[in-house]
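Notes for the structure review
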Amino acid sequence: MTTEQFATRHIGPGPDDERRMLEAVGYGSIDELMDAAIPEVIRWHGTLDLPDPATEAEAIAELRALAGHNTVAVSMIGLGYHGTHTPAVIRRNVLENPAWYTAYTPYQPEISQGRLEALLNFQTMVTDLTGLATANASMLDEGTAAAEAMTLARRASKSKSPVYVVDADALPQTVAVIASRAEPLGIEVRVLDLDVEDLPGEFFGLHLQYPGACGAVRDHAALVEAAHGVRALVTVAADLLALTLLRAPGEIGADIAAGTTQRFGVPMGFGGPHAGYLAVRSGLERMLPGRLVGVSRDADGNPAYRLALQTREQHIRREKATSNICTAQVLLAVMAGMYAVYHGPDGLRAIAARTHEMAGRLAAGLRAGGVQVADVAFFDTVTASVPGRAAEVVAAAAERGVNLRLVDADRVGVSCDETTTRAHLEAVWAAFGVPAFDGAVDVALPPALARTSEFLTHPVFSSHHSETAMLRYLRRLADFDYALDRGMIPLGSCTMKLNATTEMEPVTWAEFAHVHPFAPAEQTAGYRELIGQLEGWLAELTGYDAVSVQPNAGSQGELAGLLAIRGYHRERGEGHRDVCLIPSSAHGTNAASAVMAGMRVVVVACDDDGNVDLVDLDAKIDKHRDALAAIMVTYPSTHGVYETGIAQLCAKVHDAGGQVYVDGANLNALVGFAKPGKFGADVSHLNLHKTFCIPHGGGGPGVGPVAVRAHLQPFLPGDPGAGHDSTRPAISAARYGSAGILPIPWAYLRMMGGAGLTRATGVAVLAANYVAARLRDHFPVLYAGNKGLVAHECILDLRPLTKSTGVSVDDVAKRLIDYGFHAPTMSFPVAGTLMVEPTESEDLAELDRFCAAMIAIRAEIDKVAAGEWPVGDNPLANAPHTAAMVSGDEWPHAYPRSVGAYPDGVDRAGKYWPPVRRIDGAYGDRNLVCSCPSPEAFES
Ligand SMILES: *Cc1c(COP(=O)(O)O)cnc(C)c1O
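What counts and what doesn't
- Residues numbered from 1 in each chain as written.
- Predicted model: local features only at pLDDT ≥ 70, side-chain atom pairs only at ≥ 80, totals over all residues.
- Heavy atoms only, no water.
- Helix = DSSP H or I, 4+ residues; strand = E, 2+ residues; numbered from the N terminus.
- Rg over C-alpha atoms; globule rule 2.2 N^0.38 Å.
- Buried < 20%, exposed > 50% of the residue type's maximum accessible area, 1.4 Å probe, protein only.
- Contact = heavy atoms within 4.5 Å.
- Areas by Shrake-Rupley, 256 points an atom, 1.4 Å probe, with all protein chains shown as cover.
- Lys, Arg positive; Asp, Glu negative; His and termini not counted.
- Charge placed at Lys NZ, Arg CZ, Asp CG, Glu CD.
- Domains from an automatic or database assignment.
- Buried area = accessible area lost by both parts, 1.4 Å probe.
- Salt bridge = Lys/Arg side-chain N within 4 Å of Asp/Glu carboxyl O.
- UniProt positions renumbered as here; feature names shortened; annotations may be inferred.
- Polar contact = N/O pair within 3.5 Å; in protein donor to acceptor, adjacent residues only side chain to side chain.
- Pairing = 2+ DSSP bridges.
- Axes fitted to C-alpha atoms, helices over the stretch in contact; angles between N-to-C directions.
- Parallel < 35°, antiparallel > 145°, perpendicular 65-115°, else oblique.
- Left-handed = near helix turned anticlockwise from the far one by under 90°.
- Nonpolar A, V, L, I, M, F, W, Y, C, P; charged D, E, K, R; others polar.
- Near = heavy atom within 4 Å.
- Phe/Tyr/Trp six-rings, centres within 6.5 Å; stacked < 30°, edge-to-face > 60°.
- Lys NZ or Arg CZ within 6 Å of the ring centre and 35° of its normal.

1. Regarding the overall build of the chain
Check the secondary structure of the chain and you find 29 helices and 26 strands. Rg of the C-alpha trace for the chain: 28 Å, near the compact-globule value of 30 Å for 940 residues, within the 12% margin. Principal-axis analysis of the C-alpha atoms gives the chain an extent of 85 × 70 × 60 Å. Taking all 940 residues of the chain together, the buried fraction comes to 65%. Contacts in the chain between residues at least 24 apart in sequence constitute 76% of all its contacts with a sequence separation of at least 6. If you sum the accessible surface of the chain, you get close to 30,800 Å²; carbon and sulfur atoms cover 49% of it. Here the chain contributes 76 positive and 108 negative side-chain charges, whose respective centroids are spaced 3 Å apart.

2. Side note on the domain arrangement of the chain
Partitioning the chain into domains gives domain 1 (69-523 + 906-940) and domain 2 (524-741). Just the C-alpha atoms count here: the centres of domain 1 and domain 2 sit 29 Å apart. With 64 residues of domain 1 at the interface, the matching set in domain 2 holds 62 residues. Interface area, domain 1 with domain 2, both sides summed: about 4,800 Å², of which 57% is carbon and sulfur. It is Phe270, Arg318 and Asn324 that lose the most area in domain 1 upon contact with domain 2, and together they represent 15% of the buried surface on that side. Summed over the shared surface of domain 1 and domain 2, the number is 2 salt bridges. Taking the shortest distance from any N to any O, the salt bridge between Arg566 and Glu183 comes out at 2.8 Å. Elements with a contribution of two residues or more to the side of domain 1 that touches domain 2: α6 (98-101), α8 (142-156), α9 (172-182), α11 (314-317), α12 (330-368), α16 (501-504) and α17 (510-513). The element contributing the most residues to the side of domain 1 that touches domain 2 is α9, with 6 residues.

3. Comments concerning the UniProt feature "modified residue: N6-(pyridoxal phosphate)lysine" (unreviewed entry) in the chain
Under the local residue numbering, the UniProt record ascribes the feature "modified residue: N6-(pyridoxal phosphate)lysine" (unreviewed entry) to Lys690. Note that Lys690 resides in the loop between β21 (683-686) and β22 (706-708). Overall, the relative accessible area of 8% leaves Lys690 in the buried class. In contact with Lys690, not counting residues within four places along its chain, are Ser493, Cys494, Thr495, Lys497, Ala665 and His696. Among the polar contacts listed, one links the side chain of Lys690 to the backbone oxygen of Ser493, at a separation of 3.2 Å.

4. Notes on the pattern of salt bridges
Under the definition given, this model contains 42 salt bridges. As a salt-bridge pair, Lys652 and Asp618 come within 2.9 Å of each other at their nearest N and O atoms. One end of the pair, Lys652, is in helix α22 (residues 646-655); the other, Asp618, is in helix α21 (residues 614-624), and 34 residues separate them in sequence. We classify Lys652 as partly exposed; its relative accessible area is 22%. Three or more residues are tied together by salt bridges with common partners; here these are Asp169, Asp195 and Arg218.

5. Quick look at the sheet that holds strand β15 (residues 411-415)
Strands belonging to one sheet form pairs held by backbone hydrogen bonds; the direction of such a pair is parallel or antiparallel. The sheet built from 4 strands is open, its strands ordered β11-β12-β15-β14 with antiparallel pairing. Whereas interior strands pair on both sides, the edge strands pair on one side only; in this sheet they are β11 (372-373) and β14 (405-408). As paired elements, β11 and strand β12 (residues 381-385) share 2 bridges and run antiparallel to each other. Across the sheet, Gln372 pairs through a bridge with Ser385, a residue of β12. Against the sheet, α12 contacts β11, β12 and β15, and its axis sits at roughly 15 degrees relative to β12. Each of β14 and β15 touches helix α13 (residues 390-399); the most contacted strand, β14, lies at about 180 degrees to it.

6. Here's the deal with the packing of helix α19 (residues 554-571) against helix α20 (residues 588-596)
Relative placement of two packed helices is described by the angle separating their axes and the distance separating the axes. For the pair α19 and α20, the least separation of the axes is 9 Å and the interaxial angle reads 45 degrees. By the criterion of interaxial angle, the relationship of α19 to α20 is oblique. By crossing handedness, the relation of α19 to α20 is classed as right-handed. From α19, Ser555, Glu558, Leu559 and Leu562 reach across to α20, where they touch Thr589, Asn590, Ser593, Ala594 and Met596. A class-by-class count of the residues in the contact of α19 with α20 yields 4 nonpolar, 4 polar and 1 charged.

7. Comments concerning the site of the ligand
With respect to spatial proximity, 15 residues lie near the ligand, and among them Thr327, Ser493, Asp663, His689 and Lys690 are the closest. Residue Ser493 places a side-chain N or O atom 2.7 Å away from an oxygen atom belonging to the ligand. Its residues assigned to classes, the shell around the ligand shows 3 nonpolar, 9 polar and 3 charged. Each of domain 1 (69-523 + 906-940) and domain 2 (524-741) contributes no fewer than three residues to the shell around the ligand.

8. A few points about the packing of helix α7 (residues 113-130) against α12
Where α7 contacts α12, the axes come no closer than 8 Å and their chain directions differ by 65 degrees. Between α7 and α12, the crossing angle belongs to the class labelled roughly perpendicular. Regarding α7 and α12, the two cross each other, and that crossing is left-handed. On α12, the residues that touch Ala118, Leu119, Asn121, Phe122 and Met125 of α7 are Val330, Ala333, Val334, Ala336, Gly337, Met338, Ala340 and Val341. Its residues assigned to classes, the contact of α7 with α12 comprises 11 nonpolar, 2 polar and no charged.

9. Notes on the packing of aromatic side chains
How two aromatic rings sit relative to each other is set out by the distance from centre to centre and by the angle between their planes. One pass over the structure, following the stated rule, counts 18 aromatic pairs. Between the aromatic rings of Tyr81 and Phe518, the centroid separation amounts to 5.9 Å while the plane-to-plane angle is 80 degrees, which identifies the pairing as edge-to-face. Here Phe518 lies in the loop between α17 and α18 (525-542) and Tyr81 lies in the loop between β1 (74-75) and α5 (88-95), a separation of 437 residues in the sequence. Phe518 sits in the partly exposed class, given a relative accessible area of 23%. An aromatic cluster of at least three residues, connected via ring pairs, comprises Phe270, Trp509, Phe512, Tyr527 and Tyr736. Sitting above the plane of the Trp44 ring, Lys675 keeps its charged end 3.9 Å from the centroid.

Given below as structure tokens:
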């Protein structure tokens, strides 16, 4: 192989490393190892039908060509997606900065203070602008945020009515997503034109758009009051930029606000990714889905951030979970929050005022030219009547490089934004056939709706307005955090592998970044070609017949797959099948998704070896035979084992008339060696943000394509845009979901080729078995399959040590920080254990550094056991150690400072120092604070 082969860059271990690793594991070659590890019943022996691998330079050239097939037009379509200027300092230092984009979800808060602070800024921005008490740290998009608001309203409302009323002037894609989510739950959605139609007598919730899709800014106060009168909750889907000028939803009594933060500096990306938001009034915060950042304190009593109320996580709540959201949109939330930090309240108000002024000028010009413009208050969007001529006007504008919204045959929508210029207005006027306009413009919003309350008053929103200050703030926060750019993140089930720079580069190219999801098809040919190829390659890797990239996280892929199963049974007149079997070891999103798909979850036990208990499976199938809809299994199992019973399991479920869903988040152990679509499964989702190199972003973005065999193809997600076909569910708001990051997996597959991908799988499995072999004598490896081998991850069982010494899995995880590592996955899927997934990207030196740290930690545990260090005061119990702690004037501990600060093998010059000591999560949950604390809180 030459150095030009990308695979040799992506895969960490070289030939010498590989030999040594194989020796430690006891196999002569990777082929031998894989033959022994993977059960023959699922093994696929063909050659992947993918194009020969491209070099990095070739892949970039091909992507340039694809990008060239997209046309970047001026977008004035609106409908929740707007042009925006991403401040260059944020683009380069967040979106293009691995310190931010390669970070993991902040479950280890001590090494995540930077992104937690950034998310707290985001939450503060949302609560301030919406006038509500608590906002979460992002949703997947506006459509899914609105759907989650609906289910929240249902849980919280005292009304028994199944009716959910949706304003006819809501965004069409939001209505589609709401309808798709409502149907399986038995919620009856009623779309009403509330300007003319009355509210029904009973309903549990009301969804209002503010401003409406047509641009109208309505006073919703009376509707809110009427809804509250029948014990319904009100969601206002609000545009945050408009809210800098308009009365906040919370100020007119809304219970919930939902929407997107896209226009706060996040490119449209042909539909995503962007951070949706969800905020609630006080009293509802404990029902809020998604992740919530809160303030707590560390072991020294200093304020510190961490995820609040973590017991709400689906991992823990499973079928009692009320939402399946797991991966969200952290990176984009960080960007949107920083946009607010950079502009501050006055800057945002100025951007909004200018946008409003442009829309006012546009309308005045149209009116002066004799075009009828809807006589309503508006913020940025104008709807013009041109009877019979709408298509003609839209085409004329497109010819001038401007996209408008075709509302219907008689009406055109035009939406202004931060990027709108005088030249754009002139192009629009010309398209309407009216002269350019220079007259005076009256642009006041109705006084009753004008915003009078302050927002973004926290000092963070007025301290970083120069580029120098912003640059340093971003650097300061990034330096707090541990991401893949510092070292290994061996997180079982999360596959934290290389996110290559070449894969990332196209994401910020204008031809991919600045495309509206509803842009005319002829402008998006490059995207469609790229997506078509990617879907084809994913089908080849998985053995399925069709793939949809619409779901924008694994959880959404699960829902899409289960809805396909539901659609299939109903089509065959077997709509009564509603039982979903789920093994007890499953990822929590599985059960939550099944409930959202209208299914009943029945848990199947695991046996002592961690495998699905086939005897219990038989019993559950017998009991539920006629109602059996599906089984949902993860393969390899969440225990990291290739279960041999999988083919039998599939056959048993099929015999009973059920469908088999294989959770494909662990595909890194299968690519090139086994295809779920060929070994008996009907449908899977994949996590492109795990196996296929989309970076984790600190907790998103993700892409969770759903892949199906031919019989389920008719039930794949449909286009949620205008003309939504209600026989296919709308899973996310845009047809191709988070299209803007699809160049990443495309580039990965294009550069690896079939042989490279197969080798990556082999090395990933080798690395996991190498770690298991090296650590087995120090920590028992909980489960193994054939010949004592694991798949791509291994579970280290700490429970016996905890029992005998009191040293907990937490202590080990935090002590790893002192050694310069991110902890493995903690207590999932088995409490009291650590799950290690090294991936193929870590070289042998890094694997050895990790093993050495774990072995040294074991020796430290032994000292506690031997009584050399007291149980409550030792380097494990006090971990992690901050610089402030070990350089303090007092040192009351039973071990030297140097042992705390620089344990065995740590490079003193390259030491990573966590900014805070261990955080007390429970304290923060008792004293819930989810917006920026005052600076005084940090005074010591
Ligand atoms: C990560 C994961 C999921 C959920 O994916 P998200 O993108 O976080 O929604 C589901 N199942 C398994 C096994 C996973 O590891």
